[in-house]
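# Coordinate analysis (summary)
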Amino acid sequence: AQSVTQLDSHVSVSEGTPVLLRCNYSSSYSPSLFWYVQHPNKGLQLLLKYTSAATLVKGINGFEAEFKKSETSFHLTKPSAHMSDAAEYFCVVSDSWGSNYQLIWGAGTKLIIKP
Amino acid sequence: DTGVSQDPRHKITKRGQNVTFRCDPISEHNRLYWYRQTLGQGPEFLTYFQNEAQLEKSRLLSDRFSAERPKGSFSTLEIQRTEQGDSAMYLCASSLAGGSTDTQYFGPGTRLTVL
């Protein structure tokens, strides 16, 4: 069975400092992995996705994530946090063997940016 | 750019009433998904359609919930005899099937409050 664990429910960083949001997954197949962001009172927006191509994936707004199969991790990073990055971030796994429709969601990490 | 739209954005109802939500997917997308999200949690899969066919329903989905996508375009989600536990954000997503993975794009959601 697939599952996703986001290791931190809250992460607080100062503006201009690096961001690290941690995600571990388990999957029986070659997974597709996603990061979505949800700003308050707004819809979920896709940040980036991994689909068995390059292991380092670049997304929007300066975010990137690295797929590490040996560690079953897909951590999200950004070199320098901006106030507008404050939001909830979800790590998501989907099996790419089947119809790939069912997404398994982590519980989310709330990113807090201190001025 | 017309993304996924949902109507209404907010619904307040009394326990026992029926409610219906609408989702309009991205026009060329043939897959449509419904999710439910409660505070502090990631989205929970409810059901999904490929064109007009409902291909999967969550085992967690009560018989009071029904969804349709009559012409393979917009979809409706109806909840009969609402209960306070139905209070949540109801999210719709759409995707274009094909390739190694299909990416789901989300609407802004309908927030349901059952009094």
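Refer to the structure above for everything that follows.
Residues numbered from 1 in each chain as written. Chains lettered and ligands numbered in written order. Predicted model: local features only at pLDDT ≥ 70, side-chain atom pairs only at ≥ 80, totals over all residues. Heavy atoms only, no water.

### Side note on the pattern of salt bridges
All names here are of chain A. For the record, the criterion: The salt bridge criterion pairs a side-chain nitrogen of Lys or Arg with a carboxyl oxygen of Asp or Glu, the two atoms within 4 Å. Numbering goes from the N terminus for both helices and strands, where a helix is a DSSP run of H or I of at least four residues and a strand is a run of E of at least two. Residue burial is assigned from relative accessible area. The probe radius is 1.4 Å, only protein chains are included, and a residue is buried under 20% of its type maximum, exposed over 50%, and partly exposed in between.
Taken as a whole and assessed by the stated rule, the structure comprises seven salt bridges over all chains. Across the pair Asp8 and Arg22 runs a salt bridge, and its minimum N-O distance is 3.0 Å. Of this pair, Asp8 sits in the loop between strand E1 (3–6) and strand E2 (10–14) while Arg22 sits in the loop between strand E3 (19–21) and strand E4 (23–26); the two residues are 14 residues apart in sequence, bridging distant segments of the chain. Owing to a relative accessible area of 32%, Arg22 belongs among the partly exposed residues under this scheme. The partner of Lys58 in a salt bridge is Glu64, with the nearest N and O atoms 2.8 Å apart.

### Points about the packing of aromatic side chains
To keep things clear, this is the line we draw: Two aromatic rings from Phe, Tyr or Trp, using only the six-membered ring of Trp, form a pair when their centres are within 6.5 Å; if the ring planes differ by under 30 degrees the pair is stacked, by over 60 it is edge-to-face, and anything between is tilted. Working rule: Lys NZ or Arg CZ, within 6 Å of ring centre, within 35 degrees of ring normal, means a charge sits over the ring.
The tally for this structure, following the rule as stated, stands at 16 aromatic pairs over all chains. An angle of 85 degrees between the planes, with centres 5.4 Å apart, marks the rings of Tyr36 of chain A and Phe106 of chain B as edge-to-face. Here the residue Tyr36 of chain A occupies a position in strand E5 (residues 31–38), and Phe106 of chain B occupies one in strand E10 (residues 105–106), the pair thus bridging two chains. Residue classification places Tyr36 of chain A among the buried positions, given a relative accessible area of 1%. Among the aromatic side chains, those forming a connected cluster through ring pairs are Phe34, Tyr36, Phe90 and Trp105 of chain A together with Tyr33, Tyr35, Phe45, Tyr48 and Phe106 of chain B. Directly above the ring of Phe74 of chain B sits Arg22 of chain B, whose terminal nitrogen or CZ lies 3.9 Å from the centroid.

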